[in-house]
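Tertiary structure, described
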Amino acid sequence: MQTIVAEAKAAAQKHAQEGKLTVEFEPIWHAEPILFDEQLVEDCNAAVEEETGARNSMYSAPLHDAVPLNAVVPSVMMFAQSDPGISHCKEENTPQPQLEEAIRAFIRLAEKELGTSFTE
């Protein structure tokens, strides 16, 4: 996010100078980060690593739609790899092998948290 904000400010300043204008920036709103449950994050990372052979972490913004749930019950988010690596748009696609891999990782996480096996 810091990079995005810095690039936006630089572009605004450049265009303001070109137009012989001034531009000012001030915060209009701030939300403190709300972190997901540390143990669930670790268990999620472990489940993904067991399934894929790699730890792939992705961080979410403090106001992601899952954050309010985290205030009520310990939470974590697990994502499936989309192609071409974008989400929340019509171009998002998760190929069948990646979807199945994500489902297996999710099942591993559920088994860890519930202390049971779904394959028995």
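Scroll up for the structure.
Report on the accompanying structure. Given the structure is predicted, the values throughout are model-derived calculations rather than measurements.

A word on the overall build of the protein chain. Helix and strand counts for the protein chain come out as four helices and zero strands. Listing each helix as α and each strand as β along the protein chain from the N terminus yields α-α-α-α. In terms of overall size, the protein chain is more extended than a compact globule, its C-alpha atoms giving a radius of gyration of 20 Å where 120 residues would be expected to give roughly 14 Å. Seen through its principal axes, the protein chain has C-alpha atoms that stretch 70 × 35 × 25 Å. The 120 residues of the protein chain split such that 19% are buried. Carbon and sulfur atoms make up 56% of the accessible area of the protein chain, which amounts to about 9600 Å² in all. Averaging the locations of the 8 positively and 21 negatively charged side chains of the protein chain gives two centres separated by 9 Å.

Attention now goes to a nonpolar patch on the surface. Side chains of Leu99, Ile103, Phe106, Ile107, Leu114 and Phe118 sit close together on the surface and give an oily, nonpolar patch of about 580 Å² of accessible area. By secondary structure assignment, the location of Leu114 is in helix α4 (residues 96-114).

On the secondary structure map, Leu69 appears in helix α3 (residues 67-70). Overall, the relative accessible area of 48% leaves Leu69 in the partly exposed class. Between the alpha carbons of Leu69 and Gln81 there is a distance of 23 Å; along the sequence they are 12 residues apart.

Examined against the element boundaries, Ser82 turns out to sit in the loop between α3 and α4. The exposure class assigned to Ser82 is buried, which follows from its relative accessible area of 10%. Here Ser82 is in contact with Glu92, Asn93 and Thr94, once residues within four sequence places are set aside.

Once the charged atoms of two side chains with opposite charge are near each other, the side chains can pair. For the structure on display, the rule yields seven salt bridges. Across the pair Glu42 and Arg55 runs a salt bridge whose closest N-O atoms are separated by 2.8 Å. With Glu42 in helix α2 (residues 38-52) and Arg55 in the loop between α2 and α3, this pair connects stretches of sequence that are 13 residues apart. Note that Lys112 and Glu50 form a salt bridge whose closest N and O atoms lie 2.8 Å from each other. Highlighted residues: Lys112 in helix α4 and Glu50 in helix α2, separated in sequence by 62 residues.

This brings us to the packing of α2 against α4. Running from N to C, α2 and α4 point in directions that differ by 135°, and their axes come no closer than 8 Å. Relative to α4, the element α2 is oriented oblique. The hand of the α2/α4 crossing is right-handed. Seen from α2, the contacting residues are Leu40, Asp43, Cys44, Ala46, Ala47, Val48, Glu50, Glu51 and Thr52; seen from α4, they are Glu101, Arg104, Ala105, Arg108, Leu109, Lys112 and Glu113.

Within the secondary structure layout, Asp43 lies in helix α2. Setting aside its immediate chain neighbours within four residues, Asp43 contacts Leu109, Lys112 and Glu113.

Rules of the game
- Just so you know, the residues in each chain are numbered from 1, in the order the chain's sequence is written.
- Since the coordinates come from a predicted model, pLDDT governs what is reported: local features require at least 70, and pairs of side-chain atoms require 80 or more to be given and counted, while whole-chain, interface and lining totals use all residues.
- As a rule here, side-chain values cover all heavy atoms of the structure and leave hydrogens and water aside.
- Under the scheme used here, helices are H or I runs from DSSP no shorter than 4 residues and strands are E runs no shorter than 2 residues, and both carry numbers assigned from the N terminus.
- Just to be clear, the radius of gyration here is over C-alpha atoms, and the globule rule we use is 2.2 Å times residues to the power 0.38.
- Burial classes: relative accessible area under 20% of the type maximum marks a residue as buried, over 50% as exposed, and values in between as partly exposed (1.4 Å probe, protein chains only).
- Note that accessible areas follow from Shrake-Rupley with a 1.4 Å probe, and for residues the cover is restricted to the protein chains shown.
- Positive residues here are Lys and Arg, negative ones are Asp and Glu, while His and the chain termini are left out of the count.
- We put the charge of a Lys on NZ, of an Arg on CZ, of an Asp on CG and of a Glu on CD.
- To count toward a patch, a residue needs a relative accessible area over 30% and no salt bridge; like charges are then connected within 9 Å, while nonpolar side chains (Val, Leu, Ile, Met, Phe, Trp, Tyr) are connected within 5 Å.
- We define a salt bridge as a contact between a side-chain nitrogen of Lys or Arg and a carboxyl oxygen of Asp or Glu at a distance within 4 Å.
- Contact between two residues is taken to exist if any of their heavy atoms lie within 4.5 Å; hydrogens are not considered.
- In this analysis, axes come from line fits to C-alpha atoms, helices being fitted only over the stretch in contact, and the angle between any two N-to-C directions falls in the range 0 to 180 degrees.
- Oblique is the label for any angle not covered by the other classes, which are roughly parallel (under 35 degrees), roughly antiparallel (over 145) and roughly perpendicular (65 to 115).
- We call a crossing left-handed when the near helix sits turned anticlockwise from the far one by less than a right angle, and right-handed when that turn is clockwise.

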